[in-house]
Protein chains: 2
Amino acid sequence: MKSFQEVFEKIKGGEVKRIAVAAAADRPVLEAVKAAIDSGLAEADLVGDEAGIREIAAKIGLNLELVRVIHQPDPRAAALEAVRLVHNKEAQAVMKGLVGSADFLRAVLNKECGLRTGKTLSSVAVVKTESIDRFLLITDGGMVMYPTLEEKVHLLENTVPVCRALEIENPKAAAVCAVEVVNPDMQATLDAAALTQMSRRGQIKGIAVEGPLALDNALNPEAAAHKKITGEVAGKADVLLMPDIEAGNIMYKSLVYGAKAQTCALIMGAAAPIIMTSRADSPETKLNSIAVALLTEVK
Amino acid sequence: MKSFQEVFEKIKGGEVKRIAVAAAADRPVLEAVKAAIDSGLAEADLVGDEAGIREIAAKIGLNLELVRVIHQPDPRAAALEAVRLVHNKEAQAVMKGLVGSADFLRAVLNKECGLRTGKTLSSVAVVKTESIDRFLLITDGGMVMYPTLEEKVHLLENTVPVCRALEIENPKAAAVCAVEVVNPDMQATLDAAALTQMSRRGQIKGIAVEGPLALDNALNPEAAAHKKITGEVAGKADVLLMPDIEAGNIMYKSLVYGAKAQTCALIMGAAAPIIMTSRADSPETKLNSIAVALLTEVK
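Note that the structure is a prediction, hence the values are computed from the model and not measured.

1. Thoughts on the overall build of chain A
When you go through chain A residue by residue, the secondary structure sums to twelve helices and eleven strands. Against the globule reference of 19 Å for 299 residues, chain A gives a C-alpha radius of gyration of 19 Å, in line with a compact fold. With respect to the three principal axes, the spread of C-alpha positions in chain A is 60 × 40 × 30 Å. Across the 299 residues in chain A, those meeting the buried criterion constitute 61%. In chain A, the proportion of contacts linking residues at least 24 apart, taken out of those at least 6 apart, comes to 71%. For chain A, the exposed surface amounts to about 12,000 Å²; the carbon and sulfur share of it is 49%. Of the charged side chains in chain A, 34 are positive and 38 negative; the average position of the first set lies 2 Å away from that of the second.

This is how it looks when you write it as structure tokens:
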């Protein structure tokens with residue numbers, strides 16, 4: 001797939017999916033839920049303060065006959081209940097509402113009714129710009145600050161279900177650095193070399209990894225050829241593993257503000273996709289995030 | 001100024017400037033020199049192997065009557081001679097040709113005839129995208145790998161002459177991080193806070209500095225207002241100080257490949273601008289770099 005519109009079409013062609021929203025009495029979140037329902041993408045379980053939900057729903061024109069409202073005024077208990085719905089397969093993805101991130105993630109990782117898998121939770125952003133003819137997945141610009149080598153393996157593997165949802169066959173990941181040579185003074189290049197060999201040895205599942213690559217030779221076949229870098233990843237990367245949260249966050253935002261990119265952002269690594277949009281995200285980004293989350297199956 | 005075209009016009013309206021090219025018998029470099037001469041932007045002193053220069057000049061149609069050729073077949077000696085021309089004010093900027101970067105920079109830093117100032121040499125990229133209505137200066141995506149706080153002061157001050165050349169009045173720099181709050185676990189945010197106070201105390205010359213700022217609230221006034229960040233820099237930054245070379249390099253390249261940005265890149269910190277284009281740079285980038293270098297006066 002090459003556009004979020006194709007994502008929407010694919011969802012509409014499949015079984016109806018549900019999102020469970022934790023502490024749903026939050027206007028921007030309910031606006032995103034309304035957009036998803038209005039677009040025919042999702043049904044929703046809204047867990048939260050019922051009076052608050054009804055008040056916002058009336059203001060924004062969200063028809064509550066199309067959703068299930070579960071009254072739970074305590075944000076932490078609401079988070080746990082929303083997560084439990086996904087744990088019990090009643091919903092396919094969980095979305096954070098008006099509850100603190102730490103409390104929300106604690107519910108996600110709850111040992112009895114949560115979505116814990118033992119993997120590191122990480123942020124996966126999906127980006128589409130006009131000048132690049134494919135989706136790019138960027139990890140991690142929002143969750144893991146300075147990933148260790150072991151965490152980088154999780155970050156990479158966490159992108160695989162999203163690649164599958166987007167019908168990216170044989171996904172390819174570039175371990176992106178400032179240079180394409182191994183430099184002992186640049187830890188990211190040492191990690192990239194290790195990840196490449198781990199990939200060759202079958203230690204990273206579901207995705208081919210190559211690095212160090214600079215962003216130009218990760219994305220652009222001519223730039224890769226210019227540097228005489230061969231292999232299946234260079235110039236054709238789908239997934240861009242960033243050295244750290246600063247590079248990831250800055251790259252994502254530079255494409256949003258500098259290239260008017262269309263985007264979505266998920267938290268992966270749990271037993272189901274997690275939607276944690278930020279208030280600064282555009283309505284389109286929130287809708288895209290719900291759509292990609294509902295299409296993403298964690299196996 | 002809001003476009004490289006305006007830069008070209010300003011140069012054409014002023015005194016004729018000269019670049020000195022070190023080890024000039026290099027086709028891509030001579031093509032850039034030819035473009036600058038043909039555009040009426042510059043005159044040139046070509047230091048290098050005369051036979052090689054003449055051969056390339058004939059192939060690409062560079063009229064050698066418009067330039068001065070100084071025969072020096074040894075690349076290191078050629079670098080030193082080119083730098084000496086700038087040291088003696090016979091040329092206004094020096095450009096690297098077919099000489100290794102280390103040898104070239106050694107000539108730049110030569111104590112007798114070089115351009116040493118005591119400041120750290122750093123890379124300054126100038127970027128223009130369609131969706132942002134001003135030039136952005138990015139530092140440092142190519143020279144200083146992991147700048148210390150003291151080096152970050154140099155990086156910031158090194159952008160000031162470029163801001164002046166581009167007629168950016170009261171330049172504003174954002175110390176860009178992944179977040180806009182000070183987090184003791186994120187060194188870049190601690191440095192950003194220190195730089196902000198150093199700026200307020202007059203310890204950084206010629207530019208107002210504020211941070212930590214995430215890229216959205218550095219660039220976009222609404223994003224800054226959304227986070228309730230006030231002050232003269234947030235949302236209006238001209239200069240983006242990157243936490244390290246990875247973030248800087250990746251941001252620059254994401255705008256080139258994701259937003260088809262028009263760019264230029266200089267090395268600053270010496271007594272005159274230094275042009276070190278890479279083979280992967282487009283002809284436009286090389287021409288822009290010569291133009292901005294010739295407009296940039298180090299005081």
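Once you've had a look at it, read on.
2. Some thoughts on helix H1 (residues 4-12) of chain B
Residues and elements named next belong to chain B. Along H1, the positions that sit buried rather than exposed are Phe 4, Val 7, Phe 8 and Ile 11. When H1 is viewed along its axis, its buried side chains cluster within an angular range of 100° and face the same direction. Considering only its buried residues, H1 is in contact with strand E5 (122-128), strand E10 (262-268) and helix H11 (283-295).

3. Topic: the UniProt feature "domain: Phosphate acetyl/butaryl transferase" (unreviewed entry) in chain A
The UniProt feature table records "domain: Phosphate acetyl/butaryl transferase" (unreviewed entry) at residues 5-71 and 79-293 of chain A. Summarising residues 79-293 of chain A: 39% helix, 19% strand, and an end-to-end C-alpha distance of 18 Å.

4. A short note on the pattern of salt bridges
All names here are of chain A. The tally for this structure, following the rule as stated, stands at 35 salt bridges over all chains. Lys 59 is the partner of Glu 55 in a salt bridge, and the nearest nitrogen-oxygen pair spans 3.6 Å. Pair noted here: Glu 55 and Lys 59 are both in helix H3 (residues 50-60), with a separation of four residues, about one helical turn. By relative accessible area, Lys 59 is classed as exposed at 56%. Linking Asp 191 and Lys 152 is a salt bridge whose minimum nitrogen-to-oxygen distance equals 2.9 Å. Here Asp 191, found in helix H8 (residues 187-200), pairs with Lys 152, found in helix H6 (residues 149-158); they are 39 residues apart in sequence, far enough to count as distant. Asp 191 gets classed as buried once you look at its relative accessible area, which sits at 8%. A relative accessible area of 4% means that Lys 152 is categorised as buried. Look at the salt bridges and you will find they share partners, linking Arg 18, Glu 43, Asp 45, Arg 68 and Glu 90 into a network.

5. Overview of the interface of chain A and chain B
Much of the literature gives interface size as the accessible area that the parts lose upon coming together. Every contact between the two is made by 38 residues of chain A and, on the other side, 38 residues of chain B. Both sides together, the interface formed by chain A and chain B hides about 3,000 Å², and carbon and sulfur atoms give 70% of it. On the chain A side of the interface with chain B, the three residues burying the most area are A:Glu246, A:Ile250 and A:Tyr257, jointly 21% of the side's total. Remark: the boundary between chain A and chain B carries two salt bridges. With its nearest N and O atoms 3.3 Å apart, the salt bridge here joins B:Asp216 to A:Lys253. Connecting chain A to chain B are eleven residue pairs in polar contact (both at pLDDT 80 or more). With twelve residues, helix H11 (residues 245-259) of chain A is the single largest residue contributor to the side of chain A that touches chain B. The residue makeup of the side of chain A that touches chain B, split by class, is 22 nonpolar, nine polar and seven charged.

6. With respect to the nonpolar core
Judged by nonpolar contacts, the single largest core of 66 residues is most densely connected at A:Val7, A:Ile19 and A:Leu46. No other element matches helix H12 (residues 283-295) of chain A, which puts seven residues into this core. For A:Leu46, the contacting residues outside a window of four places in its chain are A:Val21, A:Ala24, A:Leu30, A:Val33, A:Ile53, A:Leu62, A:Leu64, A:Val67, A:Arg68, A:Val69 and A:Ile70. B:Leu41, B:Met95, B:Leu166 and B:Val292 belong to the second largest nonpolar core, which has 65 residues in total.

7. Examining the pairing of strand E6 (residues 136-139) of chain B
Working note: regular strand, side chains alternate between the two faces of the sheet. Residues and elements named next belong to chain B. Both faces of E6 are covered, namely the face carrying Leu 136 and Ile 138 and the face carrying Leu 137 and Thr 139. Sheet topology places E5 next to E6; three bridges connect them, and they run antiparallel. Within E6, the residue paired with Ala 125 across the bridge is Ile 138. The pairing of E6 with strand E9 (residues 239-241) spans three bridges and is classified as parallel. Residue pairing for E9: Ile 138 is matched across the bridge by Leu 240.

8. Observations concerning the relation of the copies chain A and chain B
When chain A is brought onto chain B, the operation consists of a screw motion whose angular component is 180° and whose axial shift is 0.0 Å, with 0.0 Å RMSD remaining. Both copies are brought into coincidence by an operation consistent with a two-fold rotation axis. In this assembly the copies share their binding face: 100% of the residues contributing to the interface of chain A also contribute to that of chain B.

9. Description of the packing of helix H2 (residues 27-38) of chain B against helix H3 (residues 50-60) of chain B
All names here are of chain B. In the contact formed by H2 and H3, the axes pass within 10 Å of each other and the chain directions differ by 60°. The angle between H2 and H3 places the two elements in the oblique class. The two elements H2 and H3 cross, and the hand of that crossing is right-handed. Here H2 contributes Arg 27, Leu 30, Glu 31 and Lys 34 to the contact with H3, which in turn contributes Ile 53, Ile 56, Lys 59 and Ile 60. For the contact of H2 with H3, the per-class residue count stands at four nonpolar, no polar and four charged.

10. Points about the side chain of B:Asp238
Residue and element names in this part refer to chain B. By the element assignment, Asp 238 lies in the loop between helix H9 (221-226) and E9. At 4.2 Å, Arg 134 is the nearest oppositely charged side chain to Asp 238, a buried residue that forms no salt bridge. In this structure, Asp 238 is in contact with Arg 134, Phe 135, Leu 136, Leu 137, Ile 168, Asn 170, Pro 171 and Lys 172, ignoring residues within four places of it in sequence.

The rules behind these values
Per-chain numbering applies: the sequence of each chain, read as written, is numbered from 1 onward. Each chain takes a letter, starting from A, and each ligand takes a number, starting from 1, following the order in which they are written. Only residues with pLDDT of 70 or above have their local features reported here, since the model is predicted, and side-chain atom pairs are shown and tallied only from 80 upward, although totals for entire chains, interfaces and linings are computed over all residues. As a rule here, side-chain values come from all non-hydrogen atoms in the structure, and water together with hydrogens is ignored. To qualify as a helix, a DSSP run of H or I must reach at least 4 residues; to qualify as a strand, a run of E must reach at least 2; elements of each kind are numbered from the N terminus. Computation of the radius of gyration draws on C-alpha atoms, with the globule rule given as 2.2 Å multiplied by the number of residues to the power 0.38. Using a 1.4 Å probe on the protein chains alone, a residue whose accessible area is under 20% of its type maximum counts as buried, one over 50% counts as exposed, and one in between counts as partly exposed. Should any heavy atoms of two residues lie within 4.5 Å, those residues are considered in contact. Surface accessibility in these figures is a Shrake-Rupley result with a 1.4 Å probe; residues are shielded only by whichever protein chains are displayed. His is not counted, nor are the chain ends, whereas Lys and Arg count as positive and Asp and Glu as negative. Where a charge lies is defined by one atom per residue type, namely NZ (Lys), CZ (Arg), CG (Asp) and CD (Glu). Taking the helix axis as origin, the arc is that swept by the directions to the C-beta atoms. UniProt positions are given in the numbering used here, feature names are shortened, and annotations may be inferred rather than shown by experiment. What counts as a salt bridge is simple: a side-chain nitrogen of Lys or Arg found within 4 Å of a carboxyl oxygen of Asp or Glu. Here the quantity called buried area is the total loss of accessible area, with a 1.4 Å probe, experienced by two parts when brought into contact, counted for both. Counted as a polar contact is a pair of N or O atoms within 3.5 Å, where, for protein atoms, one must be capable of donating a hydrogen and the other of accepting one, and residues adjacent in sequence contribute only when both atoms are in side chains. Charged residues are taken to be Asp, Glu, Lys and Arg, nonpolar residues to be Ala, Val, Leu, Ile, Met, Phe, Trp, Tyr, Cys and Pro, and polar residues to be all remaining types, Gly included. Grouping buried Ala, Val, Leu, Ile, Met, Phe, Trp, Tyr and Cys residues that are joined through side-chain atoms within 4.5 Å yields what is termed a nonpolar core. Note on pairing: DSSP must find at least two bridges between two strands before they are called paired. Superposition of the copies used a least-squares fit over C-alpha atoms from residues whose pLDDT is at least 70 in both. Here the axes come from fitting lines to C-alpha atoms, over the contacting stretch only for helices, and the angles between their N-to-C directions go from 0 to 180 degrees. An angle below 35 degrees is treated as roughly parallel, one above 145 as roughly antiparallel, one from 65 to 115 as roughly perpendicular, and anything else as oblique. Throughout, a crossing is termed right-handed when the near helix is turned clockwise from the far one, and left-handed when it is turned anticlockwise from it by less than a right angle.

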